[in-house]
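Letter by letter, the chains look like this.
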2 protein chains.
Amino acid sequence: MPASPEPEPGGPLVREVSEEQLLAEIFPLLPGGTATLLGPGDDAAVVAAPDGRFVVSTDVLVEDRHFRRAWSTGHDVGRRAAAQNLADVAAMGARPTSLVVSLVVPGDVPVTWVTGLARGLAEACAPVGAAVVGGDLSGGDAIAVAVTVHGDLEGRAPVLRSGARPGDVVAHAGNLGSSAAGLALLSAADGAPDAAPLTRLVDLHRVPEPPSESGPAAALAGATAMLDVSDGLLRDAGRLARASSVVVDMDPALLGADAALTAAARAVAPDRDPGTLVRTWVLGGGEDHGLLATFPAGTALPPGFRVVGTVRAAGPGEAPGVLVSGAEPDVPAGWDHFAGGPGSLTPGGSAPR
Amino acid sequence: MPASPEPEPGGPLVREVSEEQLLAEIFPLLPGGTATLLGPGDDAAVVAAPDGRFVVSTDVLVEDRHFRRAWSTGHDVGRRAAAQNLADVAAMGARPTSLVVSLVVPGDVPVTWVTGLARGLAEACAPVGAAVVGGDLSGGDAIAVAVTVHGDLEGRAPVLRSGARPGDVVAHAGNLGSSAAGLALLSAADGAPDAAPLTRLVDLHRVPEPPSESGPAAALAGATAMLDVSDGLLRDAGRLARASSVVVDMDPALLGADAALTAAARAVAPDRDPGTLVRTWVLGGGEDHGLLATFPAGTALPPGFRVVGTVRAAGPGEAPGVLVSGAEPDVPAGWDHFAGGPGSLTPGGSAPR
């Protein structure tokens, strides 16, 4: 078991300060943004929506479901909460403008955990120009961070899941399997790795790195469909396929070999074939928040995208869905937030339960 | 102790269905709205913002902090979560357009509790034309409902907390003390009341009834400042006063006698002077989500508003803040979400701890 990445600080706990004191600590840390017309402090914020529309999405992270305090600092959780929400905006082809954050926090959490969260949100938002414009605080028995993100389509049509057409290529931008491998490394009884390629995977489990810029770029390049890969490549490709009433055929050979994932598989399960575990992580692991998009054949793909499959029409009597090399997938197709099942636990899953 | 308002149903529990099955149950229940350009089901929704701006606010309700499952149905919690968010939009003088909801729900919660929540959200949103356009679900050990609400200013300037000017009148629309009295009735050892004025107070604790229409009406009438009274009249009046750098002098005589609150005080504490308890509820009780606004003297107040005080400049060396009949208040000034204190527990407080 790795040591906590955040040593116990000596400062006050949340229950030892008033809500207004806590807010006074947080407010100066929050990032501003060019779309903010009225920031935090009133009953509501006011945000610009220059083309008369905004995109909006919400995601919640829950302690001991999506992260553990022993494994992730407040800063990590803040960066992750922002990143996975920013990915939802990118997946529409939009640019993020603003976030609001509802935070449930037990009284025994150090104030520095909460200020770390605010710094993490800021660190993830600043490069894309998004502001944190509001929030709410409540006590509770476990930490929960609910983020709502807003984005600007800049006059473009949103890129939906439902637009893939037979003949399109399927392309992916971002990481695949990194978060699942990082979690497996953290979960391994012999402790956290200290070799660089493996610690990088652990870092990517703590804080995914969605390719935010690739969303608007894909929209501009003519993407016909797009979604955020949050629950595993096959599961999310299946969603795109069903929404578009097509068959998506993934070619795992096109995903390429990944030395870091192979090294992680050897570290986690020295007696097993690493290829099987890597394949499980790449095709079934969630929470990397890459972008899966379809483009008309022959499109010059934006930087960061690589072709991972093709789109074809469903045959007579064939249901829309996802195949791997033309056959039914034989790896767990992602995890479910409630139900147990083969996809819900490591390896192949993506969150502590 | 009153009986649970929702008998244990025989249907499945949340952990017995998949996330997609649960979403399939919820989606048809969610209200649509005229501003929705793209509803739930993709990575993000798209909402119209006709004047090129939107207002946004977020609030979270946590089980055993803000509600108890034994005292409130899912339907109650859905209505309450929507109502208190809609109140934040109204307090800016805006009209609500859309909500997104992050729901943390333990596996042992009946599916009917969750569908009840969706129905409650719909019931609160439909009359004002607001849609639920997205959401997220997660497991967890206690229910948490984080709602983010968006509104349309219809070309008007937002009404801030900071605009009150010396000479303005202070006016309130909505209920005062009802939620605190209802909670005190629920907390009383001898059980829930069955007489109509008292059950009405309990209902108003379970589901507040903010005067949503009064927000845009106040803006149109020329309100100089406004806020949602969520943490108690004095505490929120103090916020308005400090934001505006003025002194707000409340006249409790102008609040009027309330027969239902007096009856509740007699039922809760037969041996005490009911007037003291009523004053505590009215001036210190939170979560009624009325609107406190200031208007230039002589303004014809919109329906529902009644004058409750006046605004004057702070004297030399005097700090901005709230007074009652010219003197420092002697009742608890609302409750704090984390710290204990005289205002944080019943009577006078507003939430189970």
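- The name recorded for chain A in an unreviewed UniProt entry is Thiamine-monophosphate kinase, from Luteimicrobium xylanilyticum.
- The Catalytic activity (unreviewed entry) comment attached to chain A in UniProt states, word for word, "thiamine phosphate + ATP = thiamine diphosphate + ADP".

**A few points about the UniProt feature "binding site: Mg(2+) 4" (unreviewed entry) in chain A**
Line of reasoning, step 1. Feature annotation in UniProt assigns "binding site: Mg(2+) 4" (unreviewed entry) to the following positions: D43, S57 and D88 of chain A.
Line of reasoning, step 2. Not counting the four nearest positions on each side in its chain, D43 of chain A is found in contact with S57, D88, A91, M92, R161, M226, L227 and D228 of chain B.
Line of reasoning, step 3. One can find D88 of chain A in helix α2 (residues 74-90).
Line of reasoning, step 4. For D88 of chain A, a relative accessible area of 6% gives the class buried.

**A closer look at unusual backbone geometry**
Line of reasoning, step 1. Of note, E287 of chain A is a non-glycine position whose phi angle comes to about 70°, a positive value.
Line of reasoning, step 2. Position of E287 of chain A among the secondary structure elements: in the loop between α9 (274-284) and β10 (290-295).
Line of reasoning, step 3. Despite not being glycine, D64 of chain B has its phi angle at roughly 70°, a positive value.
Line of reasoning, step 4. For D64 of chain B, the position within the fold is in the loop between β3 (53-62) and α2 (74-90).
Line of reasoning, step 5. Judged by its relative accessible area of 41%, D64 of chain B is partly exposed.

**Here we look at the packing of helix α1 (residues 19-26) of chain B against helix α3 (residues 111-125) of chain B**
In helix packing, the relevant descriptors are the interaxial angle and the interaxial distance, both defined with respect to the helix axes.
Residues and elements named next belong to chain B.
Line of reasoning, step 1. Across the interface, α1 lies against α3 with an axial gap of 9 Å and an inter-helix angle of 40°. Taken together, the axes of α1 and α3 are oblique relative to one another. Crossing of α1 over α3 shows right-handed handedness. Where α1 abuts α3, its residues L22, E25 and I26 lie against V111, V114, T115 and A118.
Line of reasoning, step 2. Here the residues of the contact of α1 with α3 sort into 5 nonpolar, 1 polar and 1 charged.

**Topic: the sheet that holds strand β9 (residues 247-250) of chain B**
All names here are of chain B.
Line of reasoning, step 1. Pairing is mixed across the open sheet formed by 6 strands, whose spatial order is β8-β10-β7-β11-β9-β12. With partners counted over all chains shown, the strands left at the sheet margins are β8 (225-229) and β12 (321-324), one partner each. For this sheet, the mean angle separating the axes of adjacent strands, direction not counted, is 30°.
Line of reasoning, step 2. In this structure, strand β7 (residues 169-173) lies alongside strand β10 (residues 290-295), joined through 5 bridges in antiparallel fashion. Bridging across to β10, A171 finds its partner in A293.
Line of reasoning, step 3. Strands in contact with helix α6 (residues 214-221) are β7, β8, β10 and β11 (305-312); relative to β10, the strand with the most contacts, it is inclined by about 0°.

Reading the values: rules and limits
- Residues numbered from 1 in each chain as written.
- Chains lettered and ligands numbered in written order.
- Predicted model: local features only at pLDDT ≥ 70, side-chain atom pairs only at ≥ 80, totals over all residues.
- Heavy atoms only, no water.
- UniProt positions renumbered as here; feature names shortened; annotations may be inferred.
- Contact = heavy atoms within 4.5 Å.
- Helix = DSSP H or I, 4+ residues; strand = E, 2+ residues; numbered from the N terminus.
- Buried < 20%, exposed > 50% of the residue type's maximum accessible area, 1.4 Å probe, protein only.
- Axes fitted to C-alpha atoms, helices over the stretch in contact; angles between N-to-C directions.
- Parallel < 35°, antiparallel > 145°, perpendicular 65-115°, else oblique.
- Left-handed = near helix turned anticlockwise from the far one by under 90°.
- Nonpolar A, V, L, I, M, F, W, Y, C, P; charged D, E, K, R; others polar.
- Pairing = 2+ DSSP bridges.

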